[in-house]
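# Examining the three-dimensional arrangement
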Amino acid sequence: MAELSLEDLMFKPGLMKGQRILITGGGTGLGKVMAEGAMMLGADVYICGRRGGVVEDAAKELMEAHPASQGGGKCVGIACDIRVPEAIADMVDTVWADGGALTGLVNNAAGNFISRTEDLSSRGFDAIANIVFRGSFFVTQECGKRWLAEGRHASVVSILTTWVWHGGPFTVPSAMSKAGLNVMTQSLAVEWGNRGVRFNAIAPGPFPTEGAWARLNPGAGTASEKKDATIPLNRNGEMRELANLAVYLLDPGSAYVNGQTIAIDGGGHLRGAGGFARLSEWGDEEWAAARASIQSANEKDRAKRTV
Ligand code: HXC
Ligand code: NAP
């Protein structure tokens, strides 16, 4: 379902006309709402994921909700597994051939699940790090090489977590990988900034999505929860709030912002919210139940993959 109307956004219609944005993992959750925000303001948006049907359906749905006659740009779904560098190169070639250089990239695709660190196998660690840490780097590099060679200006926004500042117990491969992207953001902001490519990141607090809740809060609550007493503002984030921040960072209106990671978490990390330290109380039984529930969600999603 499309989420937004123009009233949800802070920006004038047509703001992003002429812009071309790639959003990894843009077929679901936060990636999809950022895609919607940019395309309804006129940008052409490319969304990728391993489940070809999911990205194609999302692209179709967003274009139907925000047709060109109302100022919407186009949205194109591309099946791509960002763990595979050759697949990334093919995708980026396809995007460039479809209308020229990108003006923006959102590194949003991720995998995650809660687990005691001592229970992780090397494949379990790689399942997360190969998407978040390695995959996001290669997508960034593949776009960056083209931007530098062609002398283009571009904005890269990476979606992190507030764990980059205070660690992420029971989500260590994710916390380590996101921290790596935080340092990539700071490093490339300097290395490529003087050639027109700027880097920022967003560290969201809780924004209930099916993908995250099935793997981080298995068996408890639903993706439609609104209240959260651990957050100073007493609630979870709203999708439109994230879309507004992403549009701001992608658009040249924020051109002097470079190398920053911005929390959008109702102030949660300042009071230690947003992590899983409370799971220290769990015993073997709770962990076994969580793992079974997460693996059944993984299985369901895997059945839809086309790459
Ligand atoms: C321990 C686990 C496990 C669990 C999987 N594994 N689940 N280990 N505890 N709960 C292990 C498996 O046993 C296996 O290792 C290895 O991980 C790979 O598992 P597969 O199921 O084969 O992996 P795969 O099909 O590649 O799926 C990748 C995935 C999956 C990352 C595991 O969750 C996925 O596709 N996720 C994409 C969507 C997602 O995660 N969205 C949430 C993002 S939310 P062995 O050794 O047994 O073979 C997010 C929010 C952060 O990041 C902040 C919130 C506040
Ligand atoms: P989500 O809906 O599960 O999104 C993850 C997306 O990544 C999916 O569309 C998935 O599609 C894609 N993906 C995973 N592996 C991929 C791969 N190898 N190649 C290409 N695409 C891949 O979860 P979400 O909650 O929206 O999370 C989006 C981002 O926000 C993530 O970076 C997450 O860490 C971050 N975040 C979320 C929250 C929250 O509260 N929701 C909080 C902090 C940070 P396929 O399965 O089809 O590949």
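Attention in this report is confined to the structure presented alongside it. These figures come from a predicted structure and were not determined experimentally.

Note that N108 resides in the loop between strand 4 (104-107) and helix 4 (122-150). On the basis of relative accessible area, N108 is assigned to the buried category, the value being 11%. Of the polar contacts made by the side chain of N108, one reaches the backbone oxygen of G25; its length is 3.1 Å. Apart from the residues lying within four places of it in its own chain, the contact partners of N108 are I23, T24, G25, G26, L30, G31, M34 and I159.

This part takes up the site of ligand 2. Taken together, the neighbourhood of ligand 2 is formed by 27 residues, with T28, R50, R51, N108 and T209 sitting nearest. Between ligand 2 and I82 there is a distance of 2.9 Å, counted from a nitrogen atom to a backbone nitrogen or oxygen. Note that an oxygen atom of ligand 2 is positioned 2.8 Å from one of the side-chain N or O atoms of K178. In isolation ligand 2 offers 870 Å² of accessible surface; the protein chains occlude 91% of this area. Mapped by element, the contributors of at least two residues to the shell around ligand 2 are helix 1 (29-40) and helix 7 (210-216). At 3 residues, helix 7 tops the list of elements feeding residues into the shell around ligand 2. Its residues placed into classes, the shell around ligand 2 shows 13 nonpolar, 9 polar and 5 charged.

For the rest of this paragraph, the subject is the state of the cysteines. One way to say it: the disulfide is the covalent bond shared by the sulfur atoms of two cysteines. Within the structure shown, the criterion is met by 0 disulfides. Among the cysteines around C48, which has no disulfide bond, C80 carries the closest sulfur, lying 5.0 Å off. Since its relative accessible area comes to 1%, C48 is described here as buried. The thiol sulfur of C75 is not disulfide-bonded, and the nearest other cysteine sulfur, from C48, lies at 11 Å.

About the cut-offs
Residues numbered from 1 in each chain as written. Chains lettered and ligands numbered in written order. Predicted model: local features only at pLDDT ≥ 70, side-chain atom pairs only at ≥ 80, totals over all residues. Heavy atoms only, no water. Helix = DSSP H or I, 4+ residues; strand = E, 2+ residues; numbered from the N terminus. Buried < 20%, exposed > 50% of the residue type's maximum accessible area, 1.4 Å probe, protein only. Polar contact = N/O pair within 3.5 Å; in protein donor to acceptor, adjacent residues only side chain to side chain. Contact = heavy atoms within 4.5 Å. Near = heavy atom within 4 Å. Areas by Shrake-Rupley, 256 points an atom, 1.4 Å probe, with all protein chains shown as cover. Nonpolar A, V, L, I, M, F, W, Y, C, P; charged D, E, K, R; others polar. Disulfide = S-S within 2.5 Å.

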